[in-house]
Amino acid sequence: QVQLVESGGGLVQPGGSLRLSCAASGTIFSINNMAWYRQAPEKQRELVALITSGGRTNYADSVKGRFTISRDNAKNTVYLQMNSLKPEDTADYYCYIRAGLKDYWGQGTQVTVSS
């Protein structure tokens, strides 16, 4: 079965950087959109960044100019480069893949930004 494995989360100081990775394994076909979501405690899950199969990207206003989403189709992997991190970026980050008629979610990785 398809599994999305996330990595790269951790503790970082304000202004620091992290790079999140999410690799899909198992049988998966026709991957189209790939995205990153995040959910802070007691808040709704929100879309952070999205990248289409054609490479077009969209970002939440709160991260625009600081985060960059990218994908490696040969590796079925999506990345999120996070620069100039702020305390308000603290959340659980989840990767998402739309493939055909199915949705897949990663297990989540914790990002904590504090001094």
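Residues numbered from 1 in each chain as written. Predicted model: local features only at pLDDT ≥ 70, side-chain atom pairs only at ≥ 80, totals over all residues. Heavy atoms only, no water.

On to the packing of aromatic side chains. Under the counting rule described, the total for this entry stands at 3 aromatic pairs. Ring geometry for Tyr96 against Trp105: centres 5.0 Å apart, planes inclined by 55°, an arrangement best described as tilted. In this structure an aromatic cluster arises from ring pairing among Tyr37, Tyr96 and Trp105. Above the ring of Tyr94, the side-chain terminus of Arg45 is found at 4.0 Å from the ring centroid. Residue placement shows Arg45 over the ring face of Trp105; its charged tip is 4.9 Å from the ring centre. (Phe/Tyr/Trp six-rings, centres within 6.5 Å; stacked < 30°, edge-to-face > 60°. Lys NZ or Arg CZ within 6 Å of the ring centre and 35° of its normal.)

All right, on to the state of the cysteines then. Here, disulfide denotes a covalent bond that connects the sulfur atoms of two cysteines. Taken as a whole and assessed by the stated rule, the structure comprises 1 disulfide. The disulfide partner of Cys22 is Cys95, and the S-S distance across this bridge is 1.9 Å. Across the disulfide from Cys22 to Cys95, rotation about the S-S bond amounts to roughly 45°, and the bridge is consequently right-handed. Here Cys95 lies in strand β9 (residues 91-99) and Cys22 lies in strand β3 (residues 18-25), a separation of 73 residues in the sequence. (Disulfide = S-S within 2.5 Å. Helix = DSSP H or I, 4+ residues; strand = E, 2+ residues; numbered from the N terminus.)

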